[in-house]
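Residue-level listing of the chains:
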Amino acid sequence: MPPQNFVILGGGISGLTAAWYLARNAPSSIKITLLEASDRFGGWIRSTRVGEERILFEQGPRTLRPSGLGAGVILDMAAKLNLTGFIHAVGKFEPAARNRYLYYPDRLVQLPGGNLLPGLKSVVQNKFILSSIYSVLREPFIKPFKNLDDESIHNFITRRFNSTLADTLMSALIHGIYAGDVKKLSIKSTFKRMFDMEQIYGSVIK
């Protein structure tokens, strides 16, 4: 017998999307329950206006990237919810896409990439990036763990590079994409290409 009831854990963008599609495609007799621990839906996505100027801060993920297999899902859902007119498309060469910032340790830090000079300045000014250069150069010479079944993202990045990159850069990246913990999420499931690089080539850099 097919399941008669579905329970979805979490009312973030993934949970809401799953519930919406399930409601549209499942028989009307199916009961769908969505459980959310907080007092609001949206997960890490939250828009807040601050101060007299009502400056808008986008907390958590600030964009949805319709690429690969998920592109049709996102755009189809936006169209069916009549949200197409509210979409602001940002090209990959626009400043908003080329400039990346990390809040560390108590201020916004511009990350390398996008524009060359600000990127180089960021490397010099920020210790966590500067201290990781040696780890990046050393990575091709670190002995790989062949036939590894799986491990956490934190373990993988720490082993291949260093704990600073795992705790600072990868942690922020994973919070933004998956709203998850680098010490709990699987490297094989979330970054399979990176996992395969070590298994096939013995190194991420190689």
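A brief look at the structure comes next. Bear in mind the structure is a predicted one, so any value in this text is a computation, not a measurement.

What counts, and at which threshold
- Residues numbered from 1 in each chain as written.
- Predicted model: local features only at pLDDT ≥ 70, side-chain atom pairs only at ≥ 80, totals over all residues.
- Heavy atoms only, no water.
- Phe/Tyr/Trp six-rings, centres within 6.5 Å; stacked < 30°, edge-to-face > 60°.
- Lys NZ or Arg CZ within 6 Å of the ring centre and 35° of its normal.
- Salt bridge = Lys/Arg side-chain N within 4 Å of Asp/Glu carboxyl O.
- Buried < 20%, exposed > 50% of the residue type's maximum accessible area, 1.4 Å probe, protein only.
- Helix = DSSP H or I, 4+ residues; strand = E, 2+ residues; numbered from the N terminus.
- Contact = heavy atoms within 4.5 Å.
- Polar contact = N/O pair within 3.5 Å; in protein donor to acceptor, adjacent residues only side chain to side chain.
- Core = buried A, V, L, I, M, F, W, Y, C linked by side-chain atoms within 4.5 Å.

## Observations concerning the packing of aromatic side chains
So, point 1. Under the defined criterion, the tally for this structure stands at one aromatic pair.
So, point 2. Geometrically, the ring pair formed by Trp20 and Tyr21 is edge-to-face, given 4.9 Å between the ring centres and 90° between the ring planes.
So, point 3. Positioned above the aromatic ring of Phe145 is the side chain of Arg159, whose terminal nitrogen or guanidinium carbon lies 4.2 Å from the ring centre.

## Some remarks on the pattern of salt bridges
Pairs can form between side chains of opposite charge whenever their charged atoms are close.
So, point 1. What the rule picks out here adds up to six salt bridges.
So, point 2. Among the ionic pairs, Arg159 bridges to Glu151, the shortest N-O distance being 2.4 Å.
So, point 3. Of the residues examined, Arg159 reaches a relative accessible area of 16% and is grouped as buried.
So, point 4. Assessed through its relative accessible area of 14%, Glu151 is described here as buried.
So, point 5. The shortest N-O distance in the salt bridge between Glu198 and Arg160 comes to 3.1 Å. Of this pair, Glu198 sits in helix α10 (residues 192-201) while Arg160 sits in helix α7 (residues 153-160), and the two are 38 residues apart along the sequence.

## Quick look at the environment of Gln59
So, point 1. Its place among the elements puts Gln59 in strand β4 (residues 55-59).
So, point 2. A sequence separation of 12 residues divides Gln59 from Ser47, and the C-alpha atoms of the two residues are 6.1 Å apart.
So, point 3. Discounting chain neighbours no more than four positions away, the residues touching Gln59 are Trp44, Ile45, Arg46 and Thr48.

## Digging into the side chain of Ser152
So, point 1. Examined against the element boundaries, Ser152 turns out to sit in the loop between α6 (133-138) and α7.
So, point 2. On the accessibility criterion, Ser152 (10% relative accessible area) is buried.
So, point 3. A polar side-chain atom of Ser152 sits 3.0 Å from the main-chain amide nitrogen of Asn155.
So, point 4. Not counting residues up to four positions away in its chain, the partners in contact with Ser152 are Val182, Lys183, Lys184, Leu185 and Ile187.

## A short note on the nonpolar core
So, point 1. Grouped together as the largest cluster of nonpolar side chains are 14 residues, with contacts concentrated most on Ile153, Phe156, Ile157, Met170, Ile187, Phe191 and Met194.
So, point 2. Counting residues per element, the ones that place at least two in this core are α7, α8 (163-178) and α10.
So, point 3. Top contributing element to this core by residue count: α8, with four residues.
So, point 4. Not counting residues up to four positions away in its chain, the partners in contact with Met194 are Phe156, Ile157, Ile187 and Val204.

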